[in-house]
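# Descriptive analysis of the structure
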Amino acid sequence: MTTVQTSELAINGGQPVSKEPILIHKPSINEADIQAVAEAMRSTFVSGDGPACREFEKRLAEYLGVKYALFLNSCTTALDLAFMIKDFPAGSEVIVPNFTYTSTALGPILNNLKIVLADVRPDNGNLDVEKLESYITPKTVAILPVDYAGNPAEMDEINAIARKYGLYIVQDSAQSIGSKYKGFYTGNQAHVSTFSFHGTKNMTTGEGGAIVTNDDHLADLIKVMREKGTDKYSFLTDNVTRGYYEYVNKGNSYVQSNLNGALGVTQIARLEEMNAVRREIAAFYLKALSGLPGLDFLQITEGAEHNWHLFGLLVPADKKYWIMDALRAEGVMANVHYTPLHRNKYYKDLGTDADFPGSMEFFNRLLRIPIYPTLTVEEREKVAEGVIKVFSNL
Ligand SMILES: Cc1ncc(COP(=O)(O)O)c(C=O)c1O
C-alpha cells in the first residue's frame, strides 16, 4: 500500500522512491513473439505483404469487427494514404486538432491540402466538439479527430457535424487499439481509421500501422496505393496465373515486411490480456492518487471504454516542470507530450496561444506517468508513492 510520504525529496538530496528508473514505456515481448519472427526469417519471406501480414490483417479485421484492415509500415503512412485515396482539390481544408502528433497533420499536408487547427478540450486533449463547427468553411472537406491517450474522440457529435456538411472523417486512432466507443472498437466510427503499432503502443510490430475501413472502393484504392500504385495485391490474391502485375495508379511504398507481420499475429493474440493489465494499473492509480490537492485525472469520453494507452495527470500549470523533474529524481520517468502544433516551427503561422485556450490549458497541465503491461506491482506502487511524495511537498 502507498502511504503519504513527507520525507525529503530526492530532488533536494533525499532517498529516491526507486533506485532503478521506472521507464515511461516498455513493449511486452515474449518467447512466442520471438519465435514467430524467427520462423518468418527462416521462411525467407522477409519482404512486404507476405503470408504473416495477410494473417495479421485477417485477425485485426476480425478483432476490430471491420471489413478491411490493411497493414502498413506506420500510422504516419496510413494518414497519408487516407488522403491519397481521395481526390480533394488542392487547397481544400481539413480540420486537425491542435494538440496532436505531427503525423496527423502530415496526412493532409502531403496531399496538398490545407490544415485548419482546431482547439481541444482542456480536460482530455480531444477535439472540442462545441467549437468544431466554427472551423468549417465552404472549402472544408474533412475532419481528422484523434483519440488522445487511447480515449476515443466524441464520434457521435463529430459524425453528426460531418453528415450535416458532407465531410469525410479520418479518425487517427494511433493510440486507441482495443478502446471502445458506444460498444464498438475504435476503427468503426469513421470512413477510415488509422492505427499505430510503434514500439510504444498497446501492441507493437516494431514500427507499423494499419488503415481500416468498411468501404470496398476505398479499400481497393488502398491496396493499390500502398504497393507503389500497382495491382500486385490482386495479382497475389486472385490472379496468380496472369504472371505479371500492372502499374495502375499513383502510390508509395507503404507495405510492411513479413517479419513485422509475424509479430503482429502473436501480439494481437495477447492484446486483450495486455490491455487488461493496463486497466488494472489505471484502476490502481485512480484509487491511490485520487484526492491529492491540485491533481486531476483526464476526463474519459462518455460511452467509451479506455485502453489506457497513456495515463495522464493534470497538475498545477506553474509547477508542472518542477513536478516532472522531482518525479524523475524519485526514479519515476514522468514525461510530457505533444507541444501543440502551432508552437512548432513548421506550424507556427497557423495560430497563437490565444487561439487555442483549451489546448494550452491541457498542455500546460499534462504530465504522463508509466503504464504498460510489464510494469510490476512493486513498480506501480513506487510510481504512486513517488507522485504522493512529490505532491505532499508541493
Ligand atoms: C496521434 C498519433 N498519430 C500518429 C502517430 C504516428 O504513428 P507512427 O509512429 O506509427 O507513424 C502517432 C505516434 O505516436 C500519434 O500519437
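Residues numbered from 1 in each chain as written. Predicted model: local features only at pLDDT ≥ 70, side-chain atom pairs only at ≥ 80, totals over all residues. Heavy atoms only, no water.

Here the focus is helix α3 (residues 75-84). Counting buried residues along α3, nine of its 10 residues qualify, which places the element largely inside the surrounding structure. Listing the buried residues of α3 in full gives Cys 75, Thr 77, Ala 78, Leu 79, Asp 80, Leu 81, Ala 82, Phe 83 and Met 84. Its side-chain oxygen at 3.2 Å from the backbone nitrogen of Thr 76, Ser 74 defines the N-terminal cap of α3. (Buried < 20%, exposed > 50% of the residue type's maximum accessible area, 1.4 Å probe, protein only. Helix = DSSP H or I, 4+ residues; strand = E, 2+ residues; numbered from the N terminus. Polar contact = N/O pair within 3.5 Å; in protein donor to acceptor, adjacent residues only side chain to side chain.)

We now examine the packing of helix α2 (residues 51-64) against helix α9 (residues 258-289). Put simply, α2 and α9 touch, their axes get as near as 7 Å, and they point 30° apart. The orientation of α2 relative to α9 falls into the category roughly parallel. α2 and α9 meet at a crossing whose hand is left-handed. Across from Pro 51, Ala 52, Cys 53, Glu 55, Phe 56, Arg 59, Leu 60 and Tyr 63 in α2, the residues of α9 making contact are Asn 258, Gly 261, Ala 262, Gly 264, Val 265, Ile 268, Leu 271 and Glu 272. In the contact of α2 with α9, the residues fall into 10 nonpolar, three polar and three charged. (Axes fitted to C-alpha atoms, helices over the stretch in contact; angles between N-to-C directions. Parallel < 35°, antiparallel > 145°, perpendicular 65-115°, else oblique. Left-handed = near helix turned anticlockwise from the far one by under 90°. Contact = heavy atoms within 4.5 Å. Nonpolar A, V, L, I, M, F, W, Y, C, P; charged D, E, K, R; others polar.)

For helix α1 (residues 31-43), built from 13 residues, the straight-helix expectation of 18 Å at 1.5 Å per residue is met to within 8% by its first-to-last C-alpha distance of 18 Å. Along α1, the residues that are buried comprise Asp 33, Ala 36 and Ala 40. Seen end-on, α1 carries its buried residues on one side only, within an arc spanning 65°. Opposite the packed face of α1, turned more than 90 degrees from it, sit the exposed residues Glu 31 and Arg 42. Here the buried face of α1 lies against α9. (Expected span 1.5 Å × (residues − 1). Arc of directions from axis to C-beta.)

Right, let's get into the domain arrangement of the protein chain. For the protein chain, the domain assignment lists domain 1 (10-27 + 270-392) and domain 2 (31-266). In this structure, domain 1 and domain 2 have C-alpha centres spaced 27 Å apart. At the junction of the two partners, domain 1 supplies 41 residues and domain 2 supplies 48 residues. Across the domain 1 to domain 2 interface the summed buried area is about 3,600 Å²; carbon plus sulfur atoms make up 56%. Joining domain 1 to domain 2, the criterion identifies one salt bridge. (Domains from an automatic or database assignment. Buried area = accessible area lost by both parts, 1.4 Å probe. Salt bridge = Lys/Arg side-chain N within 4 Å of Asp/Glu carboxyl O.)

Let us now look at the nonpolar core. The biggest cluster of nonpolar side chains holds 35 residues, and the ones touching the most others in it are Phe 83, Tyr 168 and Ile 211. Looking at this core, the elements that each hand over two or more residues are β1 (68-72), α3, β2 (93-97), β3 (114-118), β4 (140-143), β5 (168-172) and α7 (216-225). The element contributing the most residues to this core is α3, with seven residues. Each of two domains, domain 1 (10-27 + 270-392) and domain 2 (31-266), supplies a minimum of three residues to this core. Discounting residues that sit within four places of it in the chain, Ile 211 has contacts with Tyr 68, Ala 69, Leu 70, Leu 72, Ala 78, Leu 81, Ala 82, Val 192, Ser 193, Thr 194 and Ile 222. With 29 residues, the next largest nonpolar core counts Ile 281, Phe 311, Leu 367 and Val 390 among its residues. (Core = buried A, V, L, I, M, F, W, Y, C linked by side-chain atoms within 4.5 Å.)

It is worth spelling out the site of the ligand at this point. Around the ligand, the structure places 16 residues, and the nearest of them are Thr 76, Asp 172, Ser 196, Lys 201 and Tyr 338. Take Thr 76: an N or O atom from its side chain is 2.5 Å from an oxygen atom of the ligand. Contact distances for the ligand include 2.7 Å between an oxygen atom and a side-chain N or O atom of Lys 201. Here the ligand, which alone exposes 390 Å², has 90% of that area covered by the protein. (Near = heavy atom within 4 Å. Areas by Shrake-Rupley, 256 points an atom, 1.4 Å probe, with all protein chains shown as cover.)

Moving on: the confidence of the model for the protein chain. Predicted coordinates in areas of low pLDDT are best not read in detail. Confidence along the protein chain averages 96 in pLDDT terms, with 97% of residues attaining 70 or more. When mean pLDDT is taken per element in the protein chain, β5 scores highest with 99 and helix α8 (residues 232-238) scores lowest with 76. (pLDDT = per-residue confidence, 0-100.)

Its identity as a non-glycine residue notwithstanding, Thr 44 has a phi of 70°, on the positive side. With respect to the element layout, Thr 44 can be found in the loop between α1 and α2. A positive phi is found at Ala 149, a non-glycine position, where the angle reads about 70°. Along the chain, Ala 149 turns up in the loop between β4 and α6 (155-165). Here Ala 149 falls in the buried class, since its relative accessible area comes to 4%.

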